[in-house]
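# A structural walkthrough
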Amino acid sequence: MSTRISASTMGYTRTTDLPSAVTFTAMGWFRLASDRNAQGRYFEWTGPTNVAYMRVTSTGTTLSVGSNSGASSGAALTVGQWYHLATTFVENTTTTGHKAYLDGVQNINRDSPATLGALSTLSLGNAATFWVDTDMQAIKIWNAVLTVDEIKNEMRSVMPVRYADLYGWWPMLDTASDEVEFSGRGRNWTVAGTPTNGNHAPVSWWNRNPRRILTPPPPAGGLSIPVAMHNYRRRR
């Protein structure tokens, strides 16, 4: 299963121990459950005077990345179809600063991203009134810009393939543990409303044949990935 947001009262936020505002990569599997003909934000990073986001536009289905200073649009998403969506961001660069990837292929390149400053909120699935009627699974965030090959590797796996610079990962296989961050860093989401269980994304628990495997040490003060997997299976 996955986790489903289906109302404006639902969503996920973090307001402490936030990721870098300078460079980041965020991704996950998403399936639009309906076309609301309204804007909705998959991810949003909120700074003192600016935001950065990946969203669907007011058409309800068009993928877009942007900030308060403007946005760039890409492909139209089909309701009911799973997509792997990823976004990379480099603060205040003049070229190739904010990108979106659709199923491992670059779809948007915005060359004038925002300067965010110190972040106050990280949002998933809903930012203020901008919510997405969506199933979601395998959410991952890094304090780094991943390469195309790394994004493709991550697309095939609920577990992270790259552990360097990992901010957190949330399998979101069901609502019993949708808020839990599985690397042991304790970066759980604050849940608004009552998300429900959704359909399972077309992705395996781990990537059996990644192009490159990085063997991580246990995170400082946290659990190793095998221990996190063991604990999850015990809960199941």
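Throughout what follows, the structure given in this document is the object of discussion. (Residues numbered from 1 in each chain as written. Predicted model: local features only at pLDDT ≥ 70, side-chain atom pairs only at ≥ 80, totals over all residues. Heavy atoms only, no water.)

### With respect to the pairing of strand β4 (residues 40–46)
For β4, the buried fraction is high: 7 of the 7 residues fall into the buried class. Pairing analysis gives 6 bridges linking β4 to strand β5 (residues 51–56), with the strands arranged antiparallel. What sits directly across from W45, in β5, is A52. Connecting the antiparallel pair β4 and β5 is a turn made up of 4 residues. (Buried < 20%, exposed > 50% of the residue type's maximum accessible area, 1.4 Å probe, protein only. Helix = DSSP H or I, 4+ residues; strand = E, 2+ residues; numbered from the N terminus. Pairing = 2+ DSSP bridges.)

### Describing the environment of I151
Relative to the elements of secondary structure, I151 occurs in helix α1 (residues 148–155). Under the relative-accessibility criterion, I151 is labelled buried at 0%. In sequence terms I151 and A86 are 65 residues apart; their C-alpha atoms lie 7.5 Å from each other.

### Observations regarding the pairing of strand β8 (residues 82–90)
Taken across its 9 residues, β8 has 8 buried, putting it largely inside the fold. Pairing between strand β3 (residues 23–32) and β8: 9 bridges, direction antiparallel. Opposite M27, over in β8, you have A86 as the bridge partner. Here β8 runs beside strand β9 (residues 98–102); their pairing, made up of 5 bridges, is antiparallel.

### As for unusual backbone geometry
Among all residues save glycine, negative phi is the norm, and among peptide bonds the norm is trans. If you check the backbone angles, N37 has positive phi at about 55° while not being a glycine. Its place among the elements puts N37 in the loop between β3 and β4. Under the relative-accessibility criterion, N37 is labelled exposed at 56%. The backbone of A128 sits at a positive phi, close to 60°, despite the residue not being glycine. A128 sits in the exposed class, given a relative accessible area of 71%.

### Some thoughts on the nonpolar core
Counting 37 residues, the largest nonpolar core has Y42, F43, L85, L116 and L124 as the members making the most contacts within it. With 4 residues, β3 is the largest single contributor of residues to this core. Listed in part, the 20 residues of the second largest apolar core include M27, L146, Y163 and L173. (Core = buried A, V, L, I, M, F, W, Y, C linked by side-chain atoms within 4.5 Å.)

### As for the side chain of T61
Note on placement: T61 falls in the loop between β5 and β6 (62–67). Ignoring sequence-local partners within four residues, the contact set of T61 consists of L32, D35, V56, A75, A76, L77 and V79. (Contact = heavy atoms within 4.5 Å.)

### Observations concerning the sheet that holds strand β11 (residues 121–124)
Here 7 strands make up an open sheet; going across it, the order is β7-β6-β5-β4-β11-β2-β16 and the pairing antiparallel. The open sheet terminates on both sides in strands that have one partner only, identified here as β7 (70–76) and β16 (190–192). Between one strand axis and the next, the sheet turns through 15° on average, direction left out of account. (Axes fitted to C-alpha atoms, helices over the stretch in contact; angles between N-to-C directions.)

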